[in-house]
Amino acid sequence: MSTTRSHDGTPIGYTAIGSGPAIVMVMGATQFRGIDPSAVALGRILSDRFTFVIYDRRGRGESGDTQPYAVAREIEDIAAVIEAVGGEASLYGSSSGSVLAIEAAAAGLPITNLVLYEPPFRVDPDDPLRTPADYLTTLEGHIARGDRGAAATHFMHYVGMPADHIEGMKQSEFWPVLEAIAPTLAYDARVMTDAYRDGQFPARWQRVTQPTLVVTGDQTFPFIPASVAAVTASLPRARSITLAGQGHGPSPDAIAPVLAEFMGSD
């Protein structure tokens, strides 16, 4: 485990596994190194060909959380990690982390390739769970009042988890972890809402000229295929593939060959 510092001085914890060209994983909401052994397993599979880098996004795990938050600061965090591991990297983004990876490429960071796993936009106007207009303000209101449990519950309702499942989760060992990082759920919401407004992706995405692979599983949430298609169409050099038997969190054994082939190991 290592630490680098972002432009604003925030410490960013990361782990680098293996040797070779760097792949930086940009995790989605609720993910960080301390609770995601699958990321380490993925790094070990790729370690003979790549340096696989897992970092804690700000406010999670061993990374700091300098205020006020801005998406631009998260992009600076990625820049600091890339600099720490050699000055150039490919990015593998997971869920909302894939959207942050796109933003990092649009900002001009030294990124060679992008693999984006299931960017989770709700692009269907008839989707009953389409993001409500007050989602972010309600979430930030819970956080401002210090009610992290309500913030976590609000997030889980938004992603479509049934109420009885949420109540069951509250009895699990994971719930205190989720409450601890609840303020960062608003960060992911900012990333998503900054990138998709009024049914449109931003013009800045046309600056993402890196080869891009957008990946989905055939066992995922119903709204994901439309999102993958829309994101793929919005990026200049993107194509998409579907992995058999995979849901919103792919197994290391399933995603590793995709990364290895697309990142040009052979």
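The coordinates are above.
Keep in mind the model is a prediction, meaning the values are calculated, not measured. (Residues numbered from 1 in each chain as written. Predicted model: local features only at pLDDT ≥ 70, side-chain atom pairs only at ≥ 80, totals over all residues. Heavy atoms only, no water.)

Visitor: Go over the overall build of the protein chain with me, naming the residues and quoting the values.
Guide: Scanning the protein chain from terminus to terminus reveals ten helices and eight strands. Taken against the 2.2 N^0.38 rule, which gives 18 Å for 266 residues, the C-alpha radius of gyration of the protein chain at 17 Å falls within 12% of a compact globule. The C-alpha extent of the protein chain, read off along each of the three principal axes, is 45 × 40 × 35 Å. Taking contacts inside the protein chain between residues at least 6 apart in sequence as the whole, the part at least 24 apart equals 73%. Element-wise, carbon and sulfur atoms account for 52% of the exposed surface of the protein chain, whose accessible area totals about 11,300 Å². The protein chain carries 19 positive and 30 negative side-chain charges, and their two centres are separated by 5 Å. (Helix = DSSP H or I, 4+ residues; strand = E, 2+ residues; numbered from the N terminus. Rg over C-alpha atoms; globule rule 2.2 N^0.38 Å. Contact = heavy atoms within 4.5 Å. Areas by Shrake-Rupley, 256 points an atom, 1.4 Å probe, with all protein chains shown as cover. Lys, Arg positive; Asp, Glu negative; His and termini not counted. Charge placed at Lys NZ, Arg CZ, Asp CG, Glu CD.)

Visitor: Outline the side chain of Thr-212, listing residues and values.
Guide: Among the secondary structure elements, Thr-212 is positioned in strand β7 (residues 212-217). Given a relative accessible area of 1%, Thr-212 falls into the buried group. Only 2.9 Å separates the side chain of Thr-212 from the backbone oxygen of Gln-210, close enough to count as a polar contact. For Thr-212, the residues in contact, after removing those within four places along its chain, are Leu-114, Leu-116, Leu-235, Arg-237, Ala-238, Arg-239 and Phe-262. (Buried < 20%, exposed > 50% of the residue type's maximum accessible area, 1.4 Å probe, protein only. Polar contact = N/O pair within 3.5 Å; in protein donor to acceptor, adjacent residues only side chain to side chain.)

Visitor: If you had to explain the pairing of strand β4 (residues 51-55) to someone new, which residues and values would you point to?
Guide: β4 sits mainly inside the fold: five of its five residues count as buried. Burial of β4 is two-sided: the residues Thr-51, Val-53 and Tyr-55 facing one way and the residues Phe-52 and Ile-54 facing the other way are all buried. The sheet contact formed by strand β2 (residues 11-18) and β4 spans five bridges and is antiparallel. Across the sheet, the residue bridging to Ala-16 is Val-53, located in β4. (Pairing = 2+ DSSP bridges.)

Visitor: Please give an account of the packing of aromatic side chains that cites residues and values.
Guide: Pairs of aromatic rings are described using the distance from one ring centre to the other and the angle between the two planes. Under the criterion given, the structure shown has eight aromatic pairs. Through a chain of ring-to-ring contacts, three or more aromatic side chains come together here, namely Phe-121, Tyr-196, Phe-201 and Trp-205. A cation over a ring is seen here: Arg-122 above Phe-223, with NZ or CZ 3.9 Å from the ring centre. (Phe/Tyr/Trp six-rings, centres within 6.5 Å; stacked < 30°, edge-to-face > 60°. Lys NZ or Arg CZ within 6 Å of the ring centre and 35° of its normal.)

Visitor: Go over unusual backbone geometry, please, and point to the residues and values.
Guide: Trans is the prevailing form of peptide bonds, just as negative phi is the prevailing case for residues other than glycine. Residue Pro-68 is bonded to the preceding Gln-67 through a cis peptide linkage, with omega at 0 degrees. In this fold, Pro-68 is placed in the loop between β4 and α2 (71-84). One non-glycine residue with positive phi stands out, namely Ser-95, at about 55 degrees. Within the element layout of this structure, Ser-95 appears in the loop between β5 (89-94) and α3 (96-106). Owing to a relative accessible area of 13%, Ser-95 belongs among the buried residues under this scheme.

Visitor: Mind laying out the sheet that holds β5, listing which residues take part and the relevant values?
Guide: If you trace the eight strands from one edge of the open sheet to the other, you get β1-β2-β4-β3-β5-β6-β7-β8, paired in mixed fashion. Looking along the sheet, the strands with just one partner apiece sit at the ends: β1 (2-5) and β8 (238-243). Across the sheet, the mean angle separating the axes of adjacent strands is 25 degrees when strand polarity is ignored. Across four bridges, strand β3 (residues 22-26) lies against β4 in parallel orientation. Across the sheet, the residue bridging to Val-24 is Val-53, located in β4. Where helix α1 (residues 37-46) meets the sheet, it contacts β2, β3, β4 and β5, and its direction lies at approximately 165 degrees from that of β4. (Axes fitted to C-alpha atoms, helices over the stretch in contact; angles between N-to-C directions.)

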